[in-house]
Amino acid sequence: MTMDALADAATLRTRAIATKSSFYLAMRILEPARRDAMFAIYAFCRAVDDIADDEGDRAVRRAALDQWRADLDELYAGRIRARVSFLAEPVRRFRLDRNDFESVIDGMAMDVEEDICAPEWDKLELYCDRVASAVGRLSVRAFGLAETEPSVDYELPTGPKLLAYHLGRALQLTNILRDLDEDAARGRLYLPREALESAGVTTFAPHAVLSHPSLEDVCAPVVARAREHYDQADLVMAGLPKRAVKAPYIMAAGYRSILDNLSARGFSPPRAPVRASRLKVISAFLRHAFT
């Protein structure tokens, strides 16, 4: 099989994986090369996230993540293994930083090493940076917000870096609030310890916390911090080229609507599933599709 044929097959595989993403419409709006790069970034994140969420032996999962590290080492050394061939063209074309892929794996490793329960805000910040803002740092390059000439280093300009910082955290905090029950089923609780203690919750056992009468008070500062990050991301995007922020605008619109719907529903049991507002996502799509 030729290299072109391999690249085409890789694109088809990553596209099929990306169709399951909440961000698929936002990715589809991009020009073909940028769209395919986002499909590849998402496929990588999906692969390592599946390892983190697997309930098998921790040593086996740790080894699986280490294998991804080794594959990335080979890729950046110019020796492309079959499993990571789908990343080769996006890495070359958009100068995707090896360190950001490594950070994503480090975030997944945090879930492999232990079932995270009531982390302090500092630890939660580190987790969000690794599993979300690092993905943002990869993504802003694919969006066209960073220099891609081979002569420059991997340092991101301030605007794109801040967008990855704020929007990544906003999306991840929204995920945490949306997935409380799903995470508890895995023995995990990402709500910050300080918020629990401030609300008078003395247990950190996931299911006990989720049935506690003060859960609304625990979630309130997480909601507030997520909203602050959305607002800051909006301010950053307002100062960036419109053509390059159409995808993150759509992502933010969809997930902000999830946060709004979660707040309207409340967090006390029973917690009905919450999804993005199709109207708000479509409105954002129409607003930015032709910029």
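Shown above is the structure to which this text applies.
What you see is a predicted model; the values in this text were computed from it and never measured.

Parameters at a glance
- Residues numbered from 1 in each chain as written.
- Predicted model: local features only at pLDDT ≥ 70, side-chain atom pairs only at ≥ 80, totals over all residues.
- Heavy atoms only, no water.
- Salt bridge = Lys/Arg side-chain N within 4 Å of Asp/Glu carboxyl O.
- Helix = DSSP H or I, 4+ residues; strand = E, 2+ residues; numbered from the N terminus.
- Buried < 20%, exposed > 50% of the residue type's maximum accessible area, 1.4 Å probe, protein only.
- Phe/Tyr/Trp six-rings, centres within 6.5 Å; stacked < 30°, edge-to-face > 60°.

Student: Which parts of the structure should I look at to understand the pattern of salt bridges?
Tutor: A side chain of one charge can pair with a side chain of the opposite charge if their charged atoms are brought near each other. Applying the stated criterion to the full structure yields 34 salt bridges. Across the salt bridge formed by aspartate 71 and arginine 83, the nearest N and O atoms sit 2.8 Å from each other. Of this pair, aspartate 71 sits in helix α4 (residues 58–76) while arginine 83 sits in the loop between α4 and α5 (85–94), placing them twelve residues apart in sequence. When its relative accessible area of 4% is taken as the criterion, aspartate 71 is described as buried. A relative accessible area of 37% means that arginine 83 is categorised as partly exposed. Here arginine 79 and glutamate 74 are joined by a salt bridge, their closest N and O atoms 2.8 Å apart. Of the residues examined, arginine 79 reaches a relative accessible area of 48% and is grouped as partly exposed. Glutamate 74 sits in the buried class, given a relative accessible area of 18%.

Student: Explain the packing of aromatic side chains to me, please; I cannot follow it from the model alone.
Tutor: Between two aromatic rings, the relevant description is the distance of the centres plus the angle of the planes. One pass over the structure, following the stated rule, counts five aromatic pairs. Plain terms: the ring middles of phenylalanine 44 and phenylalanine 101 are 5.0 Å apart, the flat faces sit at 85 degrees to each other, and that makes the pair edge-to-face. With phenylalanine 44 in helix α3 (residues 32–53) and phenylalanine 101 in helix α6 (residues 98–113), the pair connects residues that are 57 residues apart, well separated along the chain. No difference in accessibility class separates phenylalanine 44 from phenylalanine 101, as the two residues are buried. Ring centres 5.2 Å apart and planes at 25 degrees place the aromatic pair tyrosine 127 and tyrosine 190 in the stacked group.

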